[in-house]
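The chain contents come next:
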Amino acid sequence: MKTAFFSTKSYDRDYFDRFNASGHELTYFDVSLNKNSVALSQGHDAVCLFVNDKANAAVIEQLAANGTRIIALRCAGFNNVDLAAAAANNIKVVRVPAYSPEAVAEHAVALILTLNRKIHKAYNRVRDSNFSLENLLGFNLHGKTVGVIGTGIIGRCFCRIMLGFGCRILAHDLYPSEEMIKAGVLYTTLDTIWQESDIISLHCPLLPETKHLVNKDSFAKMKKGVMLINTSRGAVINTADAVEALKKEQLGYLGIDVYEQEEKLFFKDLSGSIMQDDVIARLTSFPNVLITSHQGFFTKEALEQIALVTLKNLSDFESGLPLENEVKG
Ligand code: NAD
């Protein structure tokens with residue numbers, strides 16, 4: 001099937017070419033999908049999109065006019081696609097629901113350990129022959145309370161790892177997991193999570209109900225010095241409120257792999273440019289903030305699964321088979 005890939009990097013091309021046993025005709029574009037680049041989809045049956053490609057109603061109408069019949073997301077989240085507009089234009093939407101939940105859960109744990117034990121600072125110090133321990137003091141994870149918001153496939157992996165550290169887990173989800181309850185996870189209200197957690201990790205999707213779920217009111221209820229980790233989607237946190245909470249030292253640590261305005265920054269080398277985003281500039285000035293640029297998914301195992309499942313989604317569509325990974329509005 002003729003498929004136009006947007007926002008592609010060298011690793012996307014490597015993995016998709018390696019696993020393209022069905023011989024789909026893949027065209028790779030570096031640019032992201034938006035109203036200015038949508039013309040590139042002309043003549044392709046499918047477009048393959050990543051997290052920061054914007055398939056809003058105007059773009060989708062143009063895709064339909066250009067002959068696109070399916071949007072294949074090579075990611076789990078689908079907040080960047082207007083599903084109602086896709087349905088109205090008879091365009092199917094498929095995704096990769098669970099390529100490697102361990103990859104993202106383990107990255108959340110990496111953020112926790114790095115922030116807590118200040119590994120990033122220790123690495124630089126020792127390379128500079130500074131062997132002092134001043135300001136590197138951490139805390140034991142054992143016995144701490146960890147609040148988990150969203151116990152889907154990634155949240156559950158994260159809970160299992162933190163249970164292994166000897167943490168007490170409080171969780172909030174619309175659909176509590178029996179498996180987690182049996183493992184010792186206690187489901188509770190958001191307010192209890194804000195009030196009792198030493199570490200809070202976000203694993204819910206970005207939906208209208210979860211936009212700015214973490215905001216100035218929730219920060220006010222949290223323990224002073226709490227650690228907040230976000231590997232879900234940037235806009236689940238009100239970033240301006242997080243900056244204020246950091247300034248007041250209410251928020252003691254912030255580890256984020258996702259950021260509200262990330263589409264202008266992430267996955268790009270901007271090291272030679274003047275930073276135009278004042279919020280990220282402020283965030284990077286705090287010693288207790290650690291930012292990675294949406295790399296939670298980025299393991300060999302995950303890239304292999306993403307390529308295999310996306311190509312199968314396309315093959316199933318081409319063959320008229322049921323679309324097991326279809327997303328509907
Ligand atoms: P999932 O669908 O398996 O789980 C999401 C869970 O959130 C579900 O259990 C759902 O019931 C729950 N939920 C929905 N609304 C909620 C609410 N208002 N309050 C509490 N819980 C709510 O998804 P997943 O695979 O575990 O992924 C979770 C999120 O992680 C994705 O939506 C995506 O945004 C993000 N993600 C990030 C990366 C990365 O590289 N950083 C990679 C993959 C996914």
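Residues numbered from 1 in each chain as written. Predicted model: local features only at pLDDT ≥ 70, side-chain atom pairs only at ≥ 80, totals over all residues. Heavy atoms only, no water.

Our focus in this paragraph is a negative patch on the surface. A contiguous patch of negative charge on the surface is contributed by Glu 102, Glu 106, Glu 301 and Glu 304. Among the secondary structure elements, those contributing two or more residues to the negative patch are helix H4 (101-117) and helix H12 (300-318). Relative to the helices and strands, Glu 102 is located in helix H4. Under the relative-accessibility criterion, Glu 102 is labelled partly exposed at 40%. (Patch = residues over 30% accessible without salt bridge, like charges linked within 9 Å, V, L, I, M, F, W, Y side chains within 5 Å. Areas by Shrake-Rupley, 256 points an atom, 1.4 Å probe, with all protein chains shown as cover. Salt bridge = Lys/Arg side-chain N within 4 Å of Asp/Glu carboxyl O. Lys, Arg positive; Asp, Glu negative; His and termini not counted. Charge placed at Lys NZ, Arg CZ, Asp CG, Glu CD. Helix = DSSP H or I, 4+ residues; strand = E, 2+ residues; numbered from the N terminus. Buried < 20%, exposed > 50% of the residue type's maximum accessible area, 1.4 Å probe, protein only.)

What follows covers empty space enclosed by the protein. Per the stated rule, a full pass over the model turns up 2 cavities of 30 Å³ or more. Of the pockets and cavities examined, the largest cavity occupies roughly 50 Å³. Lining the largest cavity we find Gly 234, Ile 237, Thr 239, Ala 242, Leu 254, Ile 256, Val 258, Tyr 259 and Glu 260. Of all the elements in the fold, those that place two or more residues in the lining of the largest cavity are helix H10 (239-247) and strand E11 (251-256). (1 Å grid on protein atoms, 1.4 Å probe; cavity = no way out; pocket = protein on both sides within 12 Å on 5 of 7 lines; lining within 4 Å. Points joined across faces, edges and corners; volume = space filled by probe spheres on them.)

All right, on to the site of the ligand then. The immediate surroundings of the ligand are formed by 24 residues, with Tyr 99, Ile 153, Ile 154, Asp 173 and Asp 257 found nearest. Ile 153 is positioned with one of its backbone polar atoms (N or O) 3.0 Å from an oxygen atom of the ligand. Here the ligand loses 87% of its free accessible area of 870 Å² to cover by the protein chains. In a pocket analysis with a 2 Å cut-off to the grid points, the ligand is assigned to the largest pocket. (Near = heavy atom within 4 Å. Polar contact = N/O pair within 3.5 Å; in protein donor to acceptor, adjacent residues only side chain to side chain. Sits in = over half its atoms within 2 Å of the grid points.)

When its domains are assigned, the protein chain resolves into domain 1 (2-99 + 299-319) and domain 2 (101-291). Distance between the C-alpha centres of domain 1 and domain 2: 30 Å. Taken together, the contact between domain 1 and domain 2 spans 12 residues of the former and 8 residues of the latter. Applying the counting criterion to the domain 1 and domain 2 interface returns 1 salt bridge. The residue Glu 263 makes a salt bridge to Lys 54 at a minimum N-O spacing of 3.8 Å. Where domain 1 meets domain 2, there are 3 residue pairs in polar contact (both at pLDDT 80 or more). (Domains from an automatic or database assignment. Contact = heavy atoms within 4.5 Å.)

Using the criterion set out here, one finds 13 salt bridges in the structure. Between Lys 92 and Glu 326 there is a salt bridge, with the nearest N and O atoms lying 3.6 Å from each other. Taken together, the residues span a long stretch of sequence, with Lys 92 in strand E5 (residues 92-94) and Glu 326 in the segment after H12 at a distance of 234 residues. Owing to a relative accessible area of 34%, Lys 92 belongs among the partly exposed residues under this scheme. Note on Glu 326: relative accessible area 26%, which makes it partly exposed. Glu 244 is the partner of Lys 247 in a salt bridge, and the nearest nitrogen-oxygen pair spans 3.4 Å. Of this pair, Lys 247 and Glu 244 both sit in helix H10, separated by 3 residues, roughly a single helical turn. Through salt bridges with shared partners, a single ionic network connects Arg 156, Arg 160 and Glu 179.

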